[in-house]
Amino acid sequence: MSKFLWSYLLISPAVLGATLVVSSSAMAADAQQAADALKPAAAKAETAETSEAKLNALAAVSETTAASEPVEEISQVAGSETQAAIADWATTATESAIAGANTAPADANPQAASQPTSESLAAVEPTVAQPVENSAPAAQLENPAPAATALPEQIGAVQLETPAPAVAESAEQSLPQPAESVAQTAAPQEQNPAATLEQLNEYSSEGAAGGETQGQVTSVSQLSDVRPTDWAFQALQSLVERYGCIAGYPDGTFRGNRAMTRYEFAAGLNACLDKVSELIRGGTGNLATKEDLAALQRLQEEFAAELATLRGRVDALEARTAELEANQFSTTTKLTGEAIFALSDDFGGNVGLFGTDERRIGSDNNEAVFQQRVRLNLNTSFTGRDLLLTRLQVGNGRNFNLGATSEGTQTWNVVGRTDNVVALDSLLYKFPLSARTNVTIAANAGVWDDIMPTVNPYFEDFDGGNGSLSAFGQRNPIYRLGGGAGIGFDYAFGGRGLLGGVFGPTSLSFGYLASNAASPSRGAGLFNGDYAAMGQLTFTPGRNLQIAFNYNHGYFSRGNFGFDNGLGNGAENLGGFTGTGVANSINGLTEGPNARKVVSNSYGAQASLRLSPRFILGGWAGLTNARIIGTGDARIWNYAVTLALPDLGKEGNLLGIVVGREPYLDKLEAPRSLRSFRNDDSYHVEGFYKYQLTDNISLTPGVIWITNPNQNDGNDDIIIGTLRTTFTF
């Protein structure tokens, strides 16, 4: 029978249901015979009497069935002549046999009604099939199919001329990684190893990710497309309610007419075999006849090659996985990185700026440059919720020769050394103190955006390779006052996560960072040197709006004031990654041999409004009141408006525009001889378009235009053109 049945590639789930009912009852018979062999002769005599009584009951059921509607009994006939005859009237005989079986009242003889009919009633062994509780998870189906009814066992001897699709159940126990669903895949003529592996992976993954399957059904009535009049209804009812190895789909259907491959059938058959074996081991007994066991054994032998192939492929995958685990870099650390290649030039006029040494320098001294910066991040987690970040940095991105100003500094110019020497940049550890509180401990090069949100999505990418071109466009410059080693806290009033994928929750953040925390020298250390303390309250009233207000208090020794992340260049070098030279040096009072100490109090407000998923408007304003100890007071302003158009032209693309003023000195209260400075409007205008070539490579052309550099309209504008290529991994 099986050879003819499998002469076609596809079978019906209904036929499979019938086959499994014939099969699934099989294993307990052997267990019963083994038990009988151990019993004394008296027990055997009692068993014989019981068998005779049950045979009489079965005969009664048969007579009742015949009276209601005759059932044609089909015998197994060897030879081609008989098979040809069967092929002509197989369908008629099948429908007649099923109709007769369905008319037999189950309540007249429950035991006989639940027991499969054998080829000859006289040959039936006395077995009583009891319903068992569905204890094992059912295999999951990927595409629904109509339910099937159980064929009488007489039909099992008939070779069906027209095969129908069959349903395969997942091999939940025998395979190391069970397939949760079966795929509708046409079986190829020649199966090569790569295709077999791909198919196995497909069976194992389909339906699992999207939750495509529903839980185990306990009654066939739960399947909406199964009717008692279906020819395989009894078979499906037995598989569902008796053996528990059939499951439906989210819409409550079975979809029994779906086609499947021999591999799928092998996996499903193996799942039911495992279930039957489990029931036998559990002592539930009397669930299958000897003939059922023989049929199951024949099917298992026929598909032994397919099952062996599947197991072999899984074993190979396990071996490869073990090899990867044995040779991986670390079980707790993941390496990520960013490499920036930048081609830039300054296209400003010939009238140059004046440096602090009165040497005339200008655009004619700047050539086109090709610069790079690489950052390698070792992200380590010990609990799955914490993060130890170790960042190594190397680069050669120097600023253009623009005199005593830091305006137009680009993101890859934010690097400690510019001579391609690998150095430790950020070293910090983040961990949750509670469900709502995160703690950040910075050991080196800590910055405020490590502790609190900067409320500037798309422009702020924390590495400088995928957001704005300029350091000014990344965030409000008061986030660059102070840095180094210290601690920070971030308390979320709501749940963690990004609202709408953009904004974080409403939170309260504060921290303390010391620039020279590692130095034991007098006037340095964690508490007696340069430091900054900052607090921020961030409001996120909805998915499309975020507002933050912050305060920064800092102390800077001689020559170390500036918007430079606490780098502290000293009195001989101009500091700052953004802002005019007049602002970063407070008109020269914090630079040179007569540099003064500075105490600053800064106030900032920033907001971001998402008008639509592809239109985000943002901006900020910052005020810094700086006291030059022993000299006077200064006032420094900065502000900007930003516009981001994400996914413009393609997912991952970004069009960004920044218009504002980098930090500039607005007012200076000092002796008359020290307070003379120019305060012409010096605007920053920036536009860029990031094109996402691949998931890991982006190309960003852009322009930065600075009007009246260094607050002086006597200086020609700065125009920087850049083509930035970013590699992320």
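Going by the structure above, here's the rest.
Residues numbered from 1 in each chain as written. Predicted model: local features only at pLDDT ≥ 70, side-chain atom pairs only at ≥ 80, totals over all residues. Heavy atoms only, no water.

1. Points about the environment of Val 447
Turning to step 1, where the next piece is worked out: Positionally, Val 447 belongs in the loop between β7 (437-446) and β8 (484-492).
Turning to step 2, where the next piece is worked out: On a C-alpha basis, the gap between Val 447 and Leu 513 in space is 7.9 Å, while along the polypeptide they are 66 residues apart.
Turning to step 3, where the next piece is worked out: What Val 447 contacts, discounting residues up to four positions off in sequence, is Leu 513 and Asn 565. (Helix = DSSP H or I, 4+ residues; strand = E, 2+ residues; numbered from the N terminus. Contact = heavy atoms within 4.5 Å.)

2. Here's the deal with the packing of helix α9 (residues 262-281) against helix α10 (residues 290-302)
Turning to step 1, where the next piece is worked out: Relative orientation of the contacting elements α9 and α10 amounts to 140°, with a least axis distance of 10 Å. As the angle between them shows, α9 and α10 are arranged oblique. α9 and α10 meet at a crossing whose hand is left-handed. Of the residues in α10, those in contact with Arg 262, Leu 269 and Leu 273 of α9 are Leu 296, Leu 299, Gln 300 and Glu 302.
Turning to step 2, where the next piece is worked out: Within the contact of α9 with α10, the residues separate by chemical class into four nonpolar, one polar and two charged. (Axes fitted to C-alpha atoms, helices over the stretch in contact; angles between N-to-C directions. Parallel < 35°, antiparallel > 145°, perpendicular 65-115°, else oblique. Left-handed = near helix turned anticlockwise from the far one by under 90°. Nonpolar A, V, L, I, M, F, W, Y, C, P; charged D, E, K, R; others polar.)

3. Here we look at the pattern of salt bridges
Turning to step 1, where the next piece is worked out: Tallied over the entire structure, the rule returns 14 salt bridges.
Turning to step 2, where the next piece is worked out: The salt bridge involving Glu 306 is made with Arg 262; its shortest N-O contact spans 3.5 Å. You can see Glu 306 sitting in helix α11 (residues 304-327) and its partner Arg 262 sitting in helix α9, a full 44 residues away along the chain.
Turning to step 3, where the next piece is worked out: Looking at Glu 306, the relative accessible area reads 13%, which means it is buried.
Turning to step 4, where the next piece is worked out: A salt bridge links Asp 463 to Arg 375; the shortest N-O distance between them is 3.1 Å. Taken together, the residues span a long stretch of sequence, with Asp 463 in the loop between β7 and β8 and Arg 375 in strand β4 (residues 369-380) at a distance of 88 residues.
Turning to step 5, where the next piece is worked out: According to the relative accessible area criterion, Asp 463 is buried, its value standing at 13%.
Turning to step 6, where the next piece is worked out: On the basis of relative accessibility, which here comes to 7%, the residue Arg 375 falls in the buried class. (Salt bridge = Lys/Arg side-chain N within 4 Å of Asp/Glu carboxyl O. Buried < 20%, exposed > 50% of the residue type's maximum accessible area, 1.4 Å probe, protein only.)

4. Observations regarding the packing of aromatic side chains
Turning to step 1, where the next piece is worked out: Tallying each qualifying case throughout the model produces 14 aromatic pairs.
Turning to step 2, where the next piece is worked out: Taken together, a centroid distance of 5.2 Å and an interplanar angle of 85° make the contact between Tyr 491 and Phe 493 edge-to-face.
Turning to step 3, where the next piece is worked out: An aromatic cluster of three or more residues is present, and its members are Tyr 512, Phe 527, Tyr 531 and Tyr 555.
Turning to step 4, where the next piece is worked out: The ring of Tyr 664 carries the charged tip of Arg 661 above its face, separated from the ring centre by 3.6 Å. (Phe/Tyr/Trp six-rings, centres within 6.5 Å; stacked < 30°, edge-to-face > 60°. Lys NZ or Arg CZ within 6 Å of the ring centre and 35° of its normal.)

5. A look at the pairing of strand β11 (residues 545-556)
Turning to step 1, where the next piece is worked out: Here strand β10 (residues 531-542) runs beside β11; their pairing, made up of 10 bridges, is antiparallel. Note that in β11 the partner of Gly 542 across the bridge is Leu 545.
Turning to step 2, where the next piece is worked out: Following β10, the chain reverses through two residues before pairing antiparallel with β11.
Turning to step 3, where the next piece is worked out: In this structure, β11 lies alongside strand β12 (residues 598-612), joined through 12 bridges in antiparallel fashion. Across the sheet, the residue bridging to Phe 556 is Val 598, located in β12. (Pairing = 2+ DSSP bridges.)

6. What about the side chain of Ser 698?
Turning to step 1, where the next piece is worked out: Tracing the chain through its elements places Ser 698 in strand β17 (residues 697-706).
Turning to step 2, where the next piece is worked out: Exposure remark for Ser 698: the relative accessible area of 1% places this residue in the buried category.
Turning to step 3, where the next piece is worked out: Polar side-chain contacts of Ser 698 include one of 3.3 Å to the side chain of Asn 466.
Turning to step 4, where the next piece is worked out: The contacts of Ser 698, once residues within four sequence positions are left out, are Gly 465, Asn 466, Lys 690, Tyr 691, Gln 692, Leu 693, Arg 724, Thr 725 and Thr 726. (Polar contact = N/O pair within 3.5 Å; in protein donor to acceptor, adjacent residues only side chain to side chain.)

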